[in-house]
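# Architecture at a glance
Residues per chain are reported as follows:
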Amino acid sequence: MKNTGSNPLEEEFRNSQIYKALKEHGIPVAEKVAEGLGKAVDALEKISPTGETKKAANYNQGTWQTAQPTGAQQNGTQNAGRQPVGTQGVYPGRKPQGVQPAPAPQMKLVHMGSPAKYYITGAAALFYAMNFPLYEISHFIIFGLVLAGAFLLSGKLFKGKKEFVPIEPEQPKVKEQPKQAEKPSATGNPEVDKIIDEGREYLKKLRAANDAIPEETLSEDIDRMEKASADIFRFVADHPEKAPQIRKFMNYYLPTTLKLLNSYQRLSAQSVRGENITSTMFNIAGMMHTVANAFEKQLDSLFTDEAMDVSADISVFETILKQEGFVDGEVQRKPGGKE
């Protein structure tokens, strides 16, 4: 005997073309599949109950339906015909005075997928696991293919339905806070401050050229230039007396480097590249590797005096330790005669 309408999934399957075709040909498996789907849904609902209760207030053609309190019936001390407190002025067929209905939300039509494909795929997985072996890699591959086929096939058979849902209002965009301008340098020496401020502008231009050039190798060389230049200006800010040593770096190296990078950018933007454009771009890219090495050597040269001072301190320190007898004059040998 059919148990139609026991749950939406079973009812949907009974209304499908597959069920009707199977019944017309007298195949009894159709009824078993429908009953199995119903039992599967009931089992899943018992495992994860929602526990939600839907409550609604109906408004139909100007009539407000409100639940009447049952206090008079429970206590037996109030008259049944007396109007409950809190409902004065509310009569069937009339709107409460001063109450405006809420505006209807904007709706949109969306496609709601059917959950049948998930139930069918789960049932197929359970059926396969109970009737077929799963102890080799090939078995699991077949198992995955069967589940994928069941999911796709059931998704085509049960396409779901279309429903109207409210449109969520767009959230206002948060305005980005403007970046604070960099404070000018204040080393106490106007000439040094000017050099550092100009150096920061050169760094910004190097970054812009690096962002505009997609070649990875050339971009790596520009990254090296940026790091070396930033360290140079940081060192000069801490040691203003070293500013004269980077005069050529500021007046020639950086401007010429940016000029070559801008030329490379213009040439790379051409849709047709002939021999002149290709060779020029190749020469600029090769030159940038040499320039990156020069920038790093410029940074290293600023530490010449500091390196000499450290070397002198080490020599003096080592001499004192020898005089005090804490360091042997001869090379200490390890056991076995090895140094």
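Everything discussed here concerns the structure shown above.
Scoring rules and cut-offs
Residues numbered from 1 in each chain as written. Predicted model: local features only at pLDDT ≥ 70, side-chain atom pairs only at ≥ 80, totals over all residues. Heavy atoms only, no water. Helix = DSSP H or I, 4+ residues; strand = E, 2+ residues; numbered from the N terminus. Buried < 20%, exposed > 50% of the residue type's maximum accessible area, 1.4 Å probe, protein only. Contact = heavy atoms within 4.5 Å. Areas by Shrake-Rupley, 256 points an atom, 1.4 Å probe, with all protein chains shown as cover. Axes fitted to C-alpha atoms, helices over the stretch in contact; angles between N-to-C directions. Parallel < 35°, antiparallel > 145°, perpendicular 65-115°, else oblique. Left-handed = near helix turned anticlockwise from the far one by under 90°. Nonpolar A, V, L, I, M, F, W, Y, C, P; charged D, E, K, R; others polar. Core = buried A, V, L, I, M, F, W, Y, C linked by side-chain atoms within 4.5 Å. Expected span 1.5 Å × (residues − 1). Phe/Tyr/Trp six-rings, centres within 6.5 Å; stacked < 30°, edge-to-face > 60°. Patch = residues over 30% accessible without salt bridge, like charges linked within 9 Å, V, L, I, M, F, W, Y side chains within 5 Å. Salt bridge = Lys/Arg side-chain N within 4 Å of Asp/Glu carboxyl O. 1 Å grid on protein atoms, 1.4 Å probe; cavity = no way out; pocket = protein on both sides within 12 Å on 5 of 7 lines; lining within 4 Å. Points joined across faces, edges and corners; volume = space filled by probe spheres on them.

## A short note on the overall build of the protein
Within the protein one finds 11 helices and four strands. Here the protein holds 339 residues, and the buried ones make up 22% of them. Of the contacts formed within the protein by residues at least 6 apart in sequence, a portion of 63% connects residues at least 24 apart. Per element, the accessible surface of the protein, about 26200 Å² overall, is 56% carbon and sulfur.

## So, the packing of helix 9 (residues 247-268) against helix 10 (residues 275-301)
In the contact formed by helix 9 and helix 10, the axes pass within 10 Å of each other and the chain directions differ by 150°. Here helix 9 is positioned roughly antiparallel relative to helix 10, judged by the angle of their axes. Of the two elements, helix 9 crosses helix 10, and the hand of that crossing is left-handed. Only Ile-277, Thr-280, Met-281, Ile-284, Ala-285, Met-287, Met-288, Val-291, Phe-295 and Gln-298 of helix 10 make contact with helix 9, whose side of the interface consists of Phe-249, Tyr-253, Leu-254, Thr-257, Leu-260, Leu-261, Ser-263, Tyr-264, Leu-267 and Ser-268. For the contact of helix 9 with helix 10, the per-class residue count stands at 15 nonpolar, five polar and no charged.

## Some words on the nonpolar core
Within the largest apolar cluster, 33 residues are counted, with the highest numbers of intra-cluster contacts made by Ile-246, Phe-249, Met-250 and Leu-254. Those elements that place two or more of their residues in this core are helix 7 (190-212), helix 8 (216-238), helix 9 and helix 10. Ignoring anything within four residues of it in the chain, the contact list for Met-250 reads Ile-195, Glu-198, Gly-199, Tyr-202, Phe-233 and Pro-255.

## A short note on helix 7
Across its 23 residues, helix 7 extends 34 Å between first and last C-alpha, which sits within 8% of the 33 Å expected from 1.5 Å per residue. Considered for burial, the residues of helix 7 that qualify are Val-192, Asp-193, Ile-195, Ile-196, Gly-199, Tyr-202, Leu-206, Ala-209 and Asn-210. Elements in contact with the buried residues of helix 7: helix 8 and helix 9.

## Points about the packing of aromatic side chains
Considering all chains together, one arrives at eight aromatic pairs under this definition. Taking the centre distance of 6.2 Å and the plane angle of 55° together, the rings of Phe-233 and Phe-249 count as tilted. Separated by 16 residues along the polypeptide, Phe-233 in helix 8 and Phe-249 in helix 9 bring together distant segments of the chain. The burial state of Phe-233 is the same as that of Phe-249; both residues are buried.

## Remarks on a nonpolar patch on the surface
There is a patch of nonpolar side chains on the surface, built from Ile-18, Leu-153 and Leu-157 and spanning about 260 Å² of accessible area. Note that Leu-153 resides in helix 6 (residues 137-157).

## A short note on the environment of Arg-200
Tracing the sequence through the fold places Arg-200 in helix 7. Residue class for Arg-200 comes out partly exposed when judged on its relative accessible area of 30%. Put simply, Arg-200 and Phe-233 are 33 residues apart on the chain and 8.2 Å apart in space, counted from C-alpha to C-alpha.

## A word on the layout of surface pockets
Roughly 540 Å³ of internal volume is contained in the largest pocket. As for the largest pocket, its lining consists of 21 residues, and the residues nearest its centre are Phe-13, Val-33, Leu-37, Ile-120 and Ala-123. Where the lining of the largest pocket is concerned, the elements lending two or more residues are helix 2 (17-24), helix 3 (29-47), helix 5 (116-131) and helix 6. Broken down by class, the residue content of the lining of the largest pocket amounts to 17 nonpolar, three polar and one charged.

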